[in-house]
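The chain contents come next:
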Amino acid sequence: MAENPSQWRQAIAGFCALLLGCPLIGAEGLNWEWRDSKCLKHTLREAKVGNEEKTAIAKAISQQVGPYTPDMKLVGIDSAQQLKDAILETRTELVDLNDDGTPEVIAQGTNKEGCSPTGNCPFWVFQKSGQEYRLLVSLSAIQTFQIQRNRSGRFQDIVVAMHGSATERTLRLLQYSRGKYRQAGCYDANWSVLEGGMLRELKDPQLTLCELR
């Protein structure tokens with residue numbers, strides 16, 4: 001049995017969405033405007049920051065990717081220098097998520113950093129700490145993201161989406177807690193429903209709760 005109101009709301013929402021197809025409730029922290037979700041396009045090499053700042057960001061990303069290994073030849077990286085060049089091609093955006101005047105770094109990997117054929121790529125958020133950048137969250141397979149108006153602590157929430165198929169996405173609600181972004185909710189978004197043994201396409205996705213994994 002659910003132990004608190006939040007758990008009750010999630011249980012009711014899951015039952016309602018599964019059996020009745022009614023609108024999702026218990027998702028107060030989620031305001032996903034799916035048409036506004038985006039993936040990054042501009043690279044770290046193109047970022048309008050000084051060389052020292054760019055080097056610090058590249059170092060933080062490198063710590064997540066790891067050192068060069070011969071296995072990286074499978075994705076076209078033949079040397080440690082080529083790995084450094086690939087790091088500079090990481091897609092990045094600077095966004096002040098906590099309104100402290102110092103932007104955080106949102107970063108998405110490229111094919112050379114482990115993207116899947118469906119476009120799900122490594123995803124990181126970093127916060128500047130002194131002269132370096134510390135990791136706030138690392139996810140292995142994300143296609144798009146959306147910054148939310150809601151906040152957890154001082155930081156804006158983030159919704160990330162993983163591509164499942166042409167009509168399916170898995171969403172994760174990320175909220176800041178105890179020094180990091182943590183997964184606070186999981187939702188399946190589906191643009192088709194089964195009716196009378198036939199699939200019907202939807203204009204807007206139907207959201208149902210899923211288990212955090």
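Residues numbered from 1 in each chain as written. Predicted model: local features only at pLDDT ≥ 70, side-chain atom pairs only at ≥ 80, totals over all residues. Heavy atoms only, no water.

J.: Account for the overall build of the protein, with residues named and values stated.
T.: Scanning the protein for helices and strands turns up three helices and nine strands. Secondary structure of the protein in N-to-C order comes out as α-α-α-β-β-β-β-β-β-β-β-β. Across the 213 residues that make up the protein, the buried fraction comes to 41%. Long-range pairs, those at least 24 residues apart, make up 44% of the contacts in the protein between residues at least 6 apart in sequence. In the structure as shown, the protein presents an accessible area of about 12100 Å², 52% of it carried by carbon and sulfur atoms. (Helix = DSSP H or I, 4+ residues; strand = E, 2+ residues; numbered from the N terminus. Buried < 20%, exposed > 50% of the residue type's maximum accessible area, 1.4 Å probe, protein only. Contact = heavy atoms within 4.5 Å. Areas by Shrake-Rupley, 256 points an atom, 1.4 Å probe, with all protein chains shown as cover.)

J.: Quick one: what's the story with the pairing of strand β3 (residues 121-129), residue by residue and with numbers?
T.: Most of β3 sits out of view: seven of its nine residues are buried. Sheet topology places β3 next to strand β4 (residues 132-142); eight bridges connect them, and they run antiparallel. In the strand pairing of β4, Trp 124 is matched with Ser 138. Hairpin geometry of β3 and β4 is characterised by an intervening segment of two residues between the two adjacent antiparallel strands and by a positive phi of about 70° at Gly 130. (Pairing = 2+ DSSP bridges.)

J.: Now, about helix α2 (residues 51-65): what can you tell me, with residues and values included?
T.: Residues three or four positions apart in an α-helix share a direction because the helix packs 3.6 residues into each turn. A rise of 1.5 Å per residue sets the reference length of α2, with its 15 residues, at 21 Å; its end C-alpha atoms lie 21 Å apart and thus fit the reference within 8%. Of the residues making up α2, those classed as buried are Lys 54, Ala 56, Ile 57, Ala 58, Ala 60 and Ile 61. Next to the buried residues of α2 lie α3 (80-88), β1 (91-95), β2 (104-108), β3 and β4. The positive-phi residue at the C-terminal boundary of α2 is Gly 66, with phi of around 95°. (Expected span 1.5 Å × (residues − 1).)

J.: Which residues make up the pattern of salt bridges, and what values go with them?
T.: Pairing between side chains of opposite charge can happen when the charged atoms of each approach one another. Evaluated as defined, the whole model comprises seven salt bridges. The salt bridge involving Glu 89 is made with Arg 45; its shortest N-O contact spans 2.6 Å. With Glu 89 in the loop between α3 and β1 and Arg 45 in the loop between α1 (5-19) and α2, this pair connects stretches of sequence that are 44 residues apart. Given a relative accessible area of 31%, Glu 89 falls into the partly exposed group. (Salt bridge = Lys/Arg side-chain N within 4 Å of Asp/Glu carboxyl O.)

J.: I'd like a description of the state of the cysteines, backed by residues and values.
T.: Scanning the entire structure with this criterion turns up two disulfides. Cys 115 shares a disulfide with Cys 121; S-S distance 2.0 Å. Taking the sign of the S-S torsion, 115° for the link of Cys 115 and Cys 121, the bridge is right-handed. Its relative accessible area of 5% is what places Cys 121 among the buried residues. There is a disulfide in this structure between Cys 186 and Cys 210, and the S-S distance comes to 1.8 Å. In this structure, the disulfide formed by Cys 186 and Cys 210 twists by about -90° around the S-S bond and is classed as left-handed. Placement of the pair is Cys 186 in strand β8 (residues 180-195) and Cys 210 in the segment after β9 (198-209), with a sequence separation of 24 residues. Across the pair, Cys 210 and Cys 186 agree in class, each one buried. (Disulfide = S-S within 2.5 Å.)

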